[in-house]
Amino acid sequence: MTAKVITICSQKGGIGKTFATTEIAAELQRRSYRTCAVDGDWMSALTSRQFPDGLPLEIDANPSGRVLTPGTAHVNRIYGEEPFEPLRLHDGRGFMGATEELNDINNRNSDCIYDFRARFAELRDQFDYILIDSSPVWSNLLMANHLVADYLLIPTLLEKTSRLGAEKHLRTLKKIKERYNPDLKLLGIVVTQATVANYKKEILEGRYATVDTANLEMLLQILKENGYGQEHLLEIIPYVQTKVREAIELNYTMKEYAPDSPLVARYDALVDTIIARTGG
């Protein structure tokens, strides 16, 4: 079977999409699904997160050079004609990285997105799941990342600008389905940070802080207005700032760093849902 491709994106930065991509990809690999993470954002946060001490030669083939020489695992290679091959992380995950030079793709003719789709097919036979951490800005990169996807996962926070970014991206999904990729499906929305007030209460009846609950109600209304039900709110991840920051600094996943964290339990549940809804 060819890989199921999930693009993770919202038209609002700083909403936890890179962290979510890392946690989901690691957990899928842990469950013996052959998984590849692709950094599809020229800001390259996923790559920096994975390689905080410097890029491997597979991504930057000539680190002492004045101009980037993309290695075999640099996403630029998929847009070109040279061979590419994901590098392998310590747990067996595949990885295609990026640097800021990926932004050059946005200066090309828009036909490059179809070149990307044609060459991306080479990855599908190697993996069960491919997760793309997408650029949040409408651009060649965003379009290419959605053109190859089977599913769209939208992360968000429970605050106004993030909620509006998710709403905007739902409208973008409609345009992409109509014009470019009619088979693209909304996997759902995941809230990446929520302040828990009382775990014993229902989600709209006091489980979360008052402002979070108000934003959650509006988020459900946005889903409804766009033709989706509450089942498309896949998961609400509790906010554990200190542990998350420590895990990122040490280059661990949360399950490696704090396996008993409630955040880990929610990401496990999210992966359960992803597998069930994608037929994994």
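What this report covers is the structure whose coordinates are included nearby. (Residues numbered from 1 in each chain as written. Predicted model: local features only at pLDDT ≥ 70, side-chain atom pairs only at ≥ 80, totals over all residues. Heavy atoms only, no water.)

Things to note about the environment of Asp 41
With respect to the secondary-structure elements, Asp 41 resides in the loop between strand 2 (35–40) and helix 2 (45–50). A C-alpha to C-alpha distance of 7.3 Å links Asp 41 and Ala 98, two positions 57 residues apart in sequence. (Helix = DSSP H or I, 4+ residues; strand = E, 2+ residues; numbered from the N terminus.)

Concerning the pattern of salt bridges
For the structure shown, the criterion picks out 15 salt bridges. For the salt bridge of Glu 23 with Arg 49, the shortest nitrogen-to-oxygen distance reads 3.9 Å. Of this pair, Glu 23 sits in helix 1 (residues 17–30) while Arg 49 is found in helix 2, placing the two residues 26 residues apart along the sequence. For Glu 23, a relative accessible area of 7% translates into the label buried. For Glu 122, the salt bridge is made with Arg 119, and the minimal N-O distance between the two is 4.0 Å. With Glu 122 and Arg 119 both in helix 4 (residues 112–124) and 3 residues apart, this pair spans about one turn of that helix. By relative accessible area, which is 43% here, Glu 122 ends up partly exposed. The buried category is assigned to Arg 119, whose relative accessible area is 14%. The network of salt bridges with shared partners includes Glu 27, Arg 30, Arg 31, Lys 255, Asp 268 and Asp 272. (Salt bridge = Lys/Arg side-chain N within 4 Å of Asp/Glu carboxyl O. Buried < 20%, exposed > 50% of the residue type's maximum accessible area, 1.4 Å probe, protein only.)

Regarding the nonpolar core
Within the largest apolar cluster, 83 residues are counted, with the highest numbers of intra-cluster contacts made by Ile 6, Ile 24, Tyr 79, Phe 120, Ile 130 and Leu 233. It is helix 10 (residues 262–278) that provides the largest number of residues to this core, a total of 7 residues. In this structure, Ile 6 is in contact with Tyr 129, Ile 130, Leu 131, Ile 132, Tyr 151, Leu 153, Leu 187 and Ile 274, ignoring residues within four places of it in sequence. (Core = buried A, V, L, I, M, F, W, Y, C linked by side-chain atoms within 4.5 Å. Contact = heavy atoms within 4.5 Å.)

Notes on helix 6 (residues 160–179)
When the terminal C-alpha atoms of helix 6 are compared, their 29 Å separation across 20 residues agrees well with the 28 Å that a helix rising 1.5 Å per residue should span. All buried positions along helix 6 are accounted for by Ser 162, Arg 163, Gly 165, Ala 166, Glu 167, His 169, Leu 170, Thr 172, Leu 173 and Ile 176. In the core, the buried residues of helix 6 are packed alongside helix 5 (140–147), strand 6 (151–157), strand 7 (185–194) and helix 7 (210–225). (Expected span 1.5 Å × (residues − 1).)

Topic: the state of the cysteines
A full pass over the atoms with the stated rule returns 0 disulfides. You can see Cys 36 has no disulfide; the closest cysteine sulfur is in Cys 9, sitting 18 Å from it. This cysteine, Cys 112, is not joined by any disulfide, and Cys 9 carries the nearest cysteine sulfur, 16 Å off. Residue classification places Cys 112 among the buried positions, given a relative accessible area of 4%. (Disulfide = S-S within 2.5 Å.)

Digging into the pairing of strand 8 (residues 233–238)
Burial analysis of strand 8 places 6 of its 6 residues in the buried class, the great majority of the element. Both strand 7 and strand 8 contribute to a ladder of 4 bridges, which runs parallel. Along strand 8, the bridge assignment pairs Ala 194 with Pro 238. (Pairing = 2+ DSSP bridges.)

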